[in-house]
Amino acid sequence: MKKECLIVIASYADGYLNDLLNSIKENTKDVEYEIQVVDNNPDEEKIKEVISVCKSHQVPLHLDTKITGYGDALNTGVEVNTSKSKYVLYMDSDTKVSKGWLREMIDCYERNYDKGCRLVGPLVKNFENKYLPEMTNYAKISELEGKDFLLEQSYLVGVCYLRERSTIDEFKWDKNFLRAYSEDTDFTNQVRFWDYKVFVAGKALMYHKVNSSHESMKSQGIIPQKVGSANREYLIQKWHYIEQRLKVNNFVKDESFRELTLGTYFEEYR
């Protein structure tokens, strides 16, 4: 039976995956879905736990230490899974969901499709039940809860994203970003570049363990600050180049910009 949504989870062998899968099972009763987990952690002991968790929940796991980071993992999850679902949802493993979360995100997408909506995110709180600071960049929380909200300038917080599978070739995660940081800004930029809209589903609530990716990098001997700095620099240079090319092209956004926005043009420079 064809599922309505494929959920792709980027796992960092951080110990939260089991809780997330339990959370999804408990709170997703009104959508037919399937799950694909992707992990690139080289630590064999930690990977054993991920394998065990996926086996107990009967969800497929793709392991590949060559995956460069969060975005590359999410792209890979769609590529290796044979699902033909209408929707694809990307999410971190260090999260939990609330009742009806996925149906609310899909409904938000469909309600606003004719307005140009092609990407939807949820409201996000930390594990202490407080809204993430990034939420205040959207609007007053009281204006968000229970409503669909057009996100005009801020990037969509890098925790959870819903899209239609039919848009896969139009915008993807740029695998030139290392590990984490700034790839969510780039992804949001891509959607807007092609004149689509980004919405927040104010009835969909998720919870996120803040700084877990930061701690995961440190445990592997990676300096998060260096990764963040390199990614920010790449983000700035990439979109500056695109802006300059757009001027040369008389601001016409034709298909010649596809490899630029997807990041394939810049791969040899990373």
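Cut-offs applied
Residues numbered from 1 in each chain as written. Predicted model: local features only at pLDDT ≥ 70, side-chain atom pairs only at ≥ 80, totals over all residues. Heavy atoms only, no water. Helix = DSSP H or I, 4+ residues; strand = E, 2+ residues; numbered from the N terminus. Rg over C-alpha atoms; globule rule 2.2 N^0.38 Å. Buried < 20%, exposed > 50% of the residue type's maximum accessible area, 1.4 Å probe, protein only. Contact = heavy atoms within 4.5 Å. Areas by Shrake-Rupley, 256 points an atom, 1.4 Å probe, with all protein chains shown as cover. Lys, Arg positive; Asp, Glu negative; His and termini not counted. Charge placed at Lys NZ, Arg CZ, Asp CG, Glu CD. Phe/Tyr/Trp six-rings, centres within 6.5 Å; stacked < 30°, edge-to-face > 60°. Lys NZ or Arg CZ within 6 Å of the ring centre and 35° of its normal. Polar contact = N/O pair within 3.5 Å; in protein donor to acceptor, adjacent residues only side chain to side chain. Axes fitted to C-alpha atoms, helices over the stretch in contact; angles between N-to-C directions. Parallel < 35°, antiparallel > 145°, perpendicular 65-115°, else oblique. Left-handed = near helix turned anticlockwise from the far one by under 90°. Nonpolar A, V, L, I, M, F, W, Y, C, P; charged D, E, K, R; others polar.

Participant: Explanation requested: the overall build of the protein chain in the structure shown.
Facilitator: Secondary structure summary: the protein chain contains 9 helices and 9 strands in total. Against the compact-globule benchmark of 18 Å for 270 residues, the protein chain has a radius of gyration of 18 Å, which places it among compact chains. Dimensions of the protein chain, computed from C-alpha atoms along their principal axes, come out at roughly 55 × 40 × 40 Å. Looking at the protein chain as a whole, 53% of its 270 residues are labelled buried. Pairs at least 24 residues apart make up 78% of the contacts formed inside the protein chain by residues separated by at least 6 positions. Here the protein chain displays about 13,000 Å² of accessible surface, and carbon together with sulfur accounts for 48% of that area. Charged side chains in the protein chain number 38 positive and 43 negative. The centres of these two groups are separated by 2 Å.

Participant: Just checking my understanding: could you explain the packing of aromatic side chains for this structure?
Facilitator: To describe a pair of aromatic rings, you give the distance between the ring centres and the angle between the ring planes. Per the counting criterion, the structure on display carries 19 aromatic pairs. An angle of 85 degrees between the planes, with centres 5.7 Å apart, marks the rings of Y161 and F187 as edge-to-face. Taken together, the residues Y161 in strand β8 (residues 160-164) and F187 in helix α6 (residues 183-193) connect sequence positions 26 residues apart. F187 matches Y161 in its accessibility class, with the two residues each being buried. An aromatic cluster of at least three residues, connected via ring pairs, comprises Y70, Y90, Y161, F171, W173, F187 and Y196. Taking the ring centre of F257 as reference, the NZ or CZ of R245 above it sits at 6.0 Å.

Participant: What should I look at first to understand α6 in this one?
Facilitator: Within α6, 10 of the 11 residues are buried, leaving the element largely enclosed by the surrounding structure. Listing the buried residues of α6 in full gives E183, D184, T185, D186, F187, T188, Q190, V191, R192 and F193. D195 occupies a position one or two residues after α6 and carries a positive phi of about 65 degrees.

Participant: How should I be thinking about the pairing of β8 in this particular structure?
Facilitator: A regular strand places its side chains on the two faces of the sheet in alternate fashion. Counted residue by residue, β8 has 5 buried out of 5 residues, so it is predominantly covered. Across the two faces of β8 the burial is the same, with C160, L162 and E164 and Y161 and R163 all buried.

Participant: I keep staring at the side chain of S11 and nothing clicks. Help me out?
Facilitator: Among the structural elements, S11 can be located in strand β1 (residues 5-11). Only 2.7 Å separates the side chain of S11 from the side chain of D39, close enough to count as a polar contact. Leaving out residues up to four positions away in the same chain, S11 has contacts with L17, V37, V38, D39, N40, V50 and S93.

Participant: What is the right way to look at the packing of helix α1 (residues 17-27) against helix α2 (residues 44-57) in this model?
Facilitator: Two elements in contact, α1 and α2, have axes separated by 10 Å at closest approach and are oriented at 20 degrees. By the criterion of interaxial angle, the relationship of α1 to α2 is roughly parallel. Here α1 and α2 pass one another in a crossing that is right-handed. Contacts from L17, N18, L21 and N22 of α1 reach α2 at V50, V53, C54 and H57. Broken down by class, the residue content of the contact of α1 with α2 amounts to 5 nonpolar, 3 polar and no charged.

Participant: Mind showing me how you'd approach the side chain of H208 here?
Facilitator: With respect to the helices and strands, the residue H208 is situated in strand β9 (residues 197-208). A residue is classified by how much of its surface remains accessible, and H208, at 11% relative accessible area, is buried. If we skip the residues at most four places from it in the chain, H208 touches D92, D94, T95, V124, K125, N126, F127, L132 and V159.

Participant: Hey, could you run me through unusual backbone geometry in this one?
Facilitator: When glycine is set aside, most residues are seen to have a negative phi, and most peptide bonds are trans. The phi angle at S182 is positive, at roughly 75 degrees, despite the residue not being glycine. Mapping S182 onto the fold places it in the loop between β8 and α6. With relative accessibility at 12%, the residue S182 sits in the buried group. Unlike most non-glycine residues, D195 shows phi in positive territory, near 65 degrees. Along the chain, D195 falls in the loop between α6 and β9. Relative accessible area serves as the criterion here: at 52%, D195 is assigned to the exposed category.

Participant: Looking at this structure, how should I read the environment of N81?
Facilitator: With respect to the helices, strands and loops of the structure, N81 is situated in the loop between α3 (70-80) and β4 (87-92). With 103 residues separating them in the primary sequence, N81 and D184 have C-alpha atoms 22 Å apart. Aside from chain neighbours lying at most four places away, what touches N81 is L6, E34, I35, Q36 and P60. A distance of 3.0 Å separates the side chain of N81 from the side chain of Q36, its partner in a polar contact.

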